[in-house]
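# Observations on chain architecture
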Amino acid sequence: MSSSSRKLEVVSPVPADIDIANSVEPLHISEIAKDLNINPLHYDLYGKYKAKVLLSAFDELQGQEDGYYVVVGGITPTPLGEGKSTTTVGLCQALGAYLDKKVVTCLRQPSQGPTFGIKGGAAGGGYSQVIPMDEFNLHLTGDIHAITASNNLLAAAIDTRIFHETSQSDKALFNRLCPPNKEGKRSFSDIMFRRLTKLGISKTSPEELTPEEIKKFARLDIDPASITWRRVMDVNDRFLRKITIGQGPEEKGMTRETGFDISVASEIMAVLALTTSLGDMRERLGKMVIGNSKAGDPITADDLGVGGALTVLMKDAINPTLMQTLEGTPVLVHAGPFANIAHGNSSIVADKIALKLVGPGGFVVTEAGFGSDIGTEKFMNIKCRYSGLTPQCAIVVATVRALKMHGGGPDVVAGRPLDRAYVNENVSLVEAGCVNLAKHISNTKAYGVNVVVAVNMFSTDTEAELNAVRKFSMDAGAFDAVVCSHHAHGGKGAVDLGIAVEKACQNITQPLRFLYPLDISIKDKIEAIAKSYGASGVEYSDQAEKQIEMYTQQGFSNLPICMSKTQYSFSHDASKKGAPSGFVLPIRDVRGSIGAGFIYPLVGTMSTMPGLPTRPCFYEIDIDTETGKVRGLS
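Predicted, not measured: the structure shown is a model, and the values here were computed from it.

Looking only at helices and strands, the chain has 22 helices and 24 strands in total. Since a compact globule built from 634 residues should have a radius of gyration of about 26 Å, the 25 Å found for the chain is in line with a globular shape. The C-alpha extent of the chain, read off along each of the three principal axes, is 80 × 55 × 50 Å. When burial is assessed residue by residue, the chain has 58% of its 634 residues classed as buried. In the chain, the proportion of contacts linking residues at least 24 apart, taken out of those at least 6 apart, comes to 75%. Approximately 25,000 Å² of the chain is accessible, and the part contributed by carbon and sulfur atoms is 52%.

Okay, the layout of surface pockets next. There is about 1,300 Å³ of room inside the second largest pocket. Counting residues per element, the ones that place at least two in the lining of the second largest pocket are strand 9 (256-258), helix 11 (267-274), strand 11 (289-292), helix 22 (542-553), strand 21 (589-593) and strand 22 (598-602). A total of 5 residues in the lining of the second largest pocket trace back to one element, the largest contributor, which is helix 22. Each residue belonging to the lining of the second largest pocket can be placed in one class, and the counts come to 18 nonpolar, 17 polar and 13 charged.

The domain architecture assigned to the chain consists of domain 1 (17-141 + 316-507), domain 2 (144-306) and domain 3 (522-602). When each unit is reduced to the centre of its C-alpha atoms, the spacing between domain 1 and domain 2 is 38 Å. Taken together, the 26 residues of domain 1 in the interface contact 20 residues of domain 2. Of the roughly 1,800 Å² buried at the junction of domain 1 and domain 2 (both faces included), carbon and sulfur atoms supply 70%. Interface area lost by domain 1 to domain 2 is led by I318, F338 and Y386, which between them contribute 24%. Inspection of the domain 1/domain 2 interface yields 0 salt bridges. Here domain 1 and domain 2 share 6 residue pairs in polar contact (both at pLDDT 80 or more) between them. Sorting the residues of the side of domain 1 that touches domain 2 by element identifies helix 5 (112-116), helix 14 (348-358) and helix 15 (372-387) as the ones contributing at least two each.

Mapped onto the fold, D17 is located in helix 1 (residues 17-23). Among the polar contacts listed, one links the side chain of D17 to the backbone nitrogen of G126, at a separation of 2.8 Å.

One pass over the full model with this rule turns up 1 cavity of 30 Å³ or more. Lining the largest cavity, in full, are Q109, P110, Q112, F136, N137, L138, H139, L140, I144, H145 and D234. Sorting the residues of the lining of the largest cavity by element identifies helix 6 (133-137) and helix 7 (143-167) as the ones contributing at least two each. Within the lining of the largest cavity, the residues separate by chemical class into 5 nonpolar, 5 polar and 1 charged. Lining the lining of the largest cavity are residues from two domains, each supplying at least three of them: domain 1 (17-141 + 316-507) and domain 2 (144-306).

Next up on the list: helix 13 (residues 307-314). Residues of helix 13 that are buried include every one of G307, L310, T311 and M314, and no others. Buried residues along helix 13 cover an arc of 100° about the axis, so they all sit on one side. For helix 13, the secondary structure elements touched by its buried residues are helix 7, helix 11 and helix 12 (278-287).

What follows covers the packing of aromatic side chains. Tallying each qualifying case throughout the model produces 8 aromatic pairs. An angle of 65° between the planes, with centres 5.4 Å apart, marks the rings of F188 and F217 as edge-to-face. Residue F188 is found in the loop between helix 8 (170-177) and helix 9 (192-198), and its partner F217 is found in helix 10 (residues 211-218); the two are separated by 29 residues along the sequence. F217 matches F188 in its accessibility class, with the two residues each being buried.

Two side chains with opposite charge may pair up if their charged atoms get near one another. Under the defined criterion, the tally for this structure stands at 30 salt bridges. With a shortest N-O distance of 2.9 Å, D261 and R230 are connected by a salt bridge. Of this pair, D261 sits in strand 10 (residues 260-262) while R230 sits in the loop between helix 10 and strand 7 (231-233), placing them 31 residues apart in sequence. Judged by its relative accessible area of 25%, R230 falls in the partly exposed class.

Strand residues, when the strand is regular, have side chains that alternate between the two faces of the sheet. Where burial is concerned, most of strand 13 (residues 321-325) is hidden: 5 out of the 5 residues are buried. Note that strand 2 (residues 51-53) and strand 13 share 2 bridges and pair antiparallel. If you follow K52 over to strand 13, its bridge partner there is T321. Sheet analysis places strand 6 (residues 128-131) next to strand 13, joined by 2 bridges and oriented antiparallel. Bridged to I131 within strand 13 is Q324. Judged from the 4 bridges that link them, strand 13 and strand 14 (residues 330-333) form a sheet pairing that is antiparallel. By the bridge assignment, Q324 is partnered in strand 14 with P330.

Turning our attention to a nonpolar patch on the surface. Taken together, L80, L418 and V423 make up a surface patch of nonpolar side chains, about 210 Å² in accessible area. Turning to its location among the elements, L80 is positioned in the loop between strand 3 (68-74) and helix 4 (84-98).

A few words on the packing of helix 14 against helix 15. Direction vectors running N to C along helix 14 and helix 15 enclose 60°, while the axes themselves pass 10 Å from each other. In this view, helix 14 runs oblique relative to helix 15, as classed from their interaxial angle. Note on packing geometry: the crossing formed by helix 14 with helix 15 is right-handed. In contact with I348, D351 and K352 of helix 14, helix 15 contributes K383, Y386 and S387.

Counting residues in each nonpolar core, the largest one holds 85 residues, and the members touching the most others are L154 and L322. Take this core: its biggest share by element is 8 residues, from helix 14. Beyond its immediate stretch of four places on either side in the chain, L322 contacts I29, I32, A33, L36, I38, Y49, K50, A51, V53, P330, V331 and L332. One finds V289, Y516, I526 and Y540 within the second-largest nonpolar core, a separate group that totals 25 residues.

Cut-off values and rules
- Residues numbered from 1 in each chain as written.
- Predicted model: local features only at pLDDT ≥ 70, side-chain atom pairs only at ≥ 80, totals over all residues.
- Heavy atoms only, no water.
- Helix = DSSP H or I, 4+ residues; strand = E, 2+ residues; numbered from the N terminus.
- Rg over C-alpha atoms; globule rule 2.2 N^0.38 Å.
- Buried < 20%, exposed > 50% of the residue type's maximum accessible area, 1.4 Å probe, protein only.
- Contact = heavy atoms within 4.5 Å.
- Areas by Shrake-Rupley, 256 points an atom, 1.4 Å probe, with all protein chains shown as cover.
- 1 Å grid on protein atoms, 1.4 Å probe; cavity = no way out; pocket = protein on both sides within 12 Å on 5 of 7 lines; lining within 4 Å.
- Points joined across faces, edges and corners; volume = space filled by probe spheres on them.
- Nonpolar A, V, L, I, M, F, W, Y, C, P; charged D, E, K, R; others polar.
- Domains from an automatic or database assignment.
- Buried area = accessible area lost by both parts, 1.4 Å probe.
- Salt bridge = Lys/Arg side-chain N within 4 Å of Asp/Glu carboxyl O.
- Polar contact = N/O pair within 3.5 Å; in protein donor to acceptor, adjacent residues only side chain to side chain.
- Arc of directions from axis to C-beta.
- Phe/Tyr/Trp six-rings, centres within 6.5 Å; stacked < 30°, edge-to-face > 60°.
- Pairing = 2+ DSSP bridges.
- Patch = residues over 30% accessible without salt bridge, like charges linked within 9 Å, V, L, I, M, F, W, Y side chains within 5 Å.
- Axes fitted to C-alpha atoms, helices over the stretch in contact; angles between N-to-C directions.
- Parallel < 35°, antiparallel > 145°, perpendicular 65-115°, else oblique.
- Left-handed = near helix turned anticlockwise from the far one by under 90°.
- Core = buried A, V, L, I, M, F, W, Y, C linked by side-chain atoms within 4.5 Å.

What follows is the structure in structure tokens.
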């Protein structure tokens, strides 16, 4: 057991998450860093319980062998969630505090919007949590605020450029972009050379440009109808989904319809999660495409001259945040890309640093968003492609509750009491729903990793139901299937899962297999993913056809695919439970996150700005003015 690990005093019934979190005094984060052998030169303290681990930590450990790499996915969830984050934390508490392994948990930073809305926080739950819970869920070290600021700087740059180009001649525009200094000499700023190179202009002085070159350089000629870049904020505000900008008298009637997304849906968040270094992040931010010129050429952040400024705003956000679990095991919290629109995984940077810190025989457990059809698929085909890392084990989190739903149980609705079917024994309903679990096991095994099923036990589950899930899992090809009680017992309740995961990691014999190669067409890649869902074919709207043709012409067809679809079914229809097959998958639109490095087809309608329910979580959230402790977070 590591020096910073500690055993929990658990009580039953399990108290509220925030009460458990507040009952444990966190260790000073320097103790967690010391236990991981992080040189104090390689982290910056953010208060007593958080630290930013600098990228220099990875540079110092480059010669170190990596530890085992484990990804946590799940079955198709109910709207209540099946405890994937809780399982990730509980497993790590078991490995670190009970099995004496070096371990780091890698989690996404939760969005503040849903924390105050309907979902609540995402620090795990019960006796398997990241602490301090309030700091984890609110602000943390400001990464999401940095993303919001840089995203909106780019949005401002787009509309301002259109405004100035509308009212100025080519010469006036050029003169303002390259003004003379005190000696009367003009020069290009460093970022301007990126645009000149893109245009095939090799001249180094503004004075050398011909009138034709001046026009090509200075006039981006953005087509307002093609702009895909929207403003963001980290609040659930449905009334910002569609807005009109440019209504002030100074903007001379240049109104445009646009809207806001939630901050974690920004491409900049996806860039942060997929970047591998500060230099790589600079290139990715500069390559982000915001729309096209009227001639159909892609316009990038670097064309607008803002790629460097975006990187400056993001320079601290690239460093993962070190925290701890209730049992004193280390956690790296970093990035939180929207799991539908983006790839829904925490950062490559955090995983890479963690694998070096734990070293051979140690474990890095990272969580993927939603089920294996979304989070794990994107983890393998997008994240692992860019990181070059290979997981040895994939966990599929299952619950009796979700399997009963997939077996034909009544709808599970957040905020409403569970139907009696979910709290009384019904083995045949569980067995009927195991078709969903089997599909997730086979899909995950196809990547060449060992699959361990973690059955997240609730107090109403019976032994017969749990045994049915274990037996079905093994028959479906799982390496092992383990019943866990980490929510009620902390790491102690996930010791068997830890042992199973270690065995699975030690018994891996195959290389990582991707679902598709990158050099096939966009449509062929989409169809390979659709087939893995159980679809018999794909149907494209006229808009999707048009976009695929455009991205192919622009040279982006070699990027991986990031499907944007509901998490509540393998299909596009959330009401289709179990393992539907033979359906035709409709692709409504196709968009590009070129800087992040993927093309995302939209399957049906996906909201990128959540709304608040009638009774949001904020009704419960307050502060004890005597102690300063936060109350009511869930």
